[in-house]
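# Report on the structure
One letter stands for each residue in the lines below.
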Amino acid sequence: MTELQRLFLAYDQHRAARQPCALATVVEVIGSAYRRPGARMLVTEDGELTGAISGGCLEGDARQRARRAIFQGEPALVTYDTRDEDDPRHGLGPGCQGVVRILLEPLDFTNADNPLELLRDFARHPTPAVLATVFATDASGLKAAVGQRVLLTEAGVVRGTPLLAAPLAEAARATLALGQPRVLDLDTDAGPVRASLEVLRPPLRLVVYGAGNDAQPLVRLAASLGWHITVVDGRPHLPTPLRFPEAAEVRLTPVRELETATPDPLAYHVLLSHNYAYDLAALQTLLASPAPYIGLLGPRLKAQRLLEELAAFPAALVQHLRERLHSPIGLDLGSETPEEIALAIVAEIQAQHSGRQGRPLRERAGTVHIPASV
């Protein structure tokens, strides 16, 4: 279950129990911080927490401030400067050496456009979107208010505060095209605002070809990251929901059906069948697919033989397959057991998905996180 799904579950429980709660959202980070903009924590009236906005150093103070926001019925913006070693609000020591701004908002269960309902709308449609959140306004008394939001989907659908829809949606479109979060100062008809524009991405999609015992730890680990997983296999006794309860879909797909199947073009594909004919059929279906990652379990010699079998297909397609094929699969972690191999595979996919090389962070030049642009 993803962090967002856990928030939805807790929110629905609190709403059913009529228990007031507030949402704490990281809206801006300057410098270093454990969590980035978009991290969220749900706080009930009696202090129950779901989610996290830091590594634990900010939660205690934010909890008290969120409860105060519930009591007062007004949103509040709090700034934590973890560069200040003498600030008692975030514990002892130098902290993360950054400035973190947290928006605290009492949630109105009757408002269909409250922040969690907007996020739920995104979750129902697995395409990228941008959520623009106003977290600061000037003191002119105009109609712009902290907490006003606009959700823009990839299809161009806009939900949120009508008064700010046009300017925030325009900025959201540019942010969606950029693919990176931003913090912007915008002039609107309701007055100047400062807004956090968060890029929302659907869960990574993973297709696992092969439902043997070594696929189970891979599916469990991938599911713990919130990935959407499909398992396919041609052997009737293996691809069952009982063996893969974490998978979104488990399909019995014989070789003859696999050869003519249309693969998910956005998914990452992992071949664990231990069956030469099944792996060949999977690679054949993936030849013309734009799928960004294809991982094959087994030695280099096996991969080479499979590619030679595809020589009858257009050379450009085979070359494109070579460029996406990861075999031997996974990062070099010294993995031996199925669980260790699953870790190596998931780590390689995460690195590929994030555009990283999978090297130790201490060897990375520059910041660990890509900072939000202004």
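Thresholds, definitions, all that
Residues numbered from 1 in each chain as written. Predicted model: local features only at pLDDT ≥ 70, side-chain atom pairs only at ≥ 80, totals over all residues. Heavy atoms only, no water. Core = buried A, V, L, I, M, F, W, Y, C linked by side-chain atoms within 4.5 Å. Buried < 20%, exposed > 50% of the residue type's maximum accessible area, 1.4 Å probe, protein only. Contact = heavy atoms within 4.5 Å. Pairing = 2+ DSSP bridges. Helix = DSSP H or I, 4+ residues; strand = E, 2+ residues; numbered from the N terminus. Axes fitted to C-alpha atoms, helices over the stretch in contact; angles between N-to-C directions. Salt bridge = Lys/Arg side-chain N within 4 Å of Asp/Glu carboxyl O. Phe/Tyr/Trp six-rings, centres within 6.5 Å; stacked < 30°, edge-to-face > 60°. Lys NZ or Arg CZ within 6 Å of the ring centre and 35° of its normal.

Attention now moves to the nonpolar core. If you look at the biggest cluster of nonpolar residues, it comprises 25 residues, and the most contacted ones within it are Leu206, Val208, Ile229, Val270 and Ile349. Once you skip the residues sitting within four places of it in the chain, Val208 turns out to touch Ala215, Leu218, Val219, Ile229, Thr230, Val231, Val232, Val270 and Leu272. Of all hydrophobic cores here, the second largest spans 23 residues; its members include Ala282, Leu287, Ile294 and Val318.

Pairing within the open sheet is antiparallel, and its five strands lie in the order 3-2-1-5-4. Looking at strand neighbours, the two that pair on one side only are strand 3 (49–51) and strand 4 (76–81), the edges of this open sheet. Each adjacent strand pair in this sheet contributes to an overall mean axis angle of 25°, direction not counted. Sheet topology note: the strand 2 (residues 40–44)/strand 3 ladder contains three bridges and is antiparallel. When the sheet's bridge partners are listed, Leu42 is paired in strand 3 with Thr50.

A word on the sheet that holds strand 6 (residues 129–137). Hydrogen bonds between backbone atoms are what pair the strands of a sheet, whose relative direction is either parallel or antiparallel. In space, the five strands of this open sheet follow the order 8-7-6-10-9, with antiparallel pairing throughout. Because the sheet does not close on itself, it has two edges, and the strands there are strand 8 (158–160) and strand 9 (182–188). Going from strand to strand, the sheet's axes swing by 25° on average, the running direction of each strand aside. Its contacts with the sheet place helix 3 (residues 115–124) against strand 6, strand 7 (149–153), strand 8 and strand 10 (191–200), and it is angled at close to 0° to strand 7.

This part covers the pattern of salt bridges. Pairs may arise between side chains of opposite charge once their charged atoms sit close together. According to the stated counting rule, one finds 17 salt bridges in the structure shown. Of the charged contacts in the structure, one is a salt bridge between Arg40 and Glu198, with a shortest N-O distance of 2.5 Å. In this pair, Arg40 sits in strand 2 while Glu198 sits in strand 10, placing the two residues 158 residues apart along the sequence. For the residue pair Arg40 and Glu198, the accessibility class agrees, reading buried in each case. Asp113 serves as the salt-bridge partner of Arg159, at 2.7 Å between the closest nitrogen and oxygen. Pair noted here: Arg159 is in strand 8 and Asp113 is in the loop between strand 5 (98–106) and helix 3, with a separation of 46 residues, a long-range link. According to the relative accessible area criterion, Arg159 is partly exposed, its value standing at 23%. Classification of Asp113 by relative accessible area gives partly exposed; the value is 28%. Linked through salt bridges whose partners overlap, the residues forming this network are Asp12, Arg15, Glu117 and Arg120.

Inspection of the entire model under this criterion finds two aromatic pairs. Its end group placed over the ring of Phe8, Arg120 keeps NZ or CZ at 5.1 Å from the ring centre. Its end group placed over the ring of Tyr276, Arg305 keeps NZ or CZ at 4.8 Å from the ring centre.

From the geometry alone we can't say anything about function, so treat these as descriptive.
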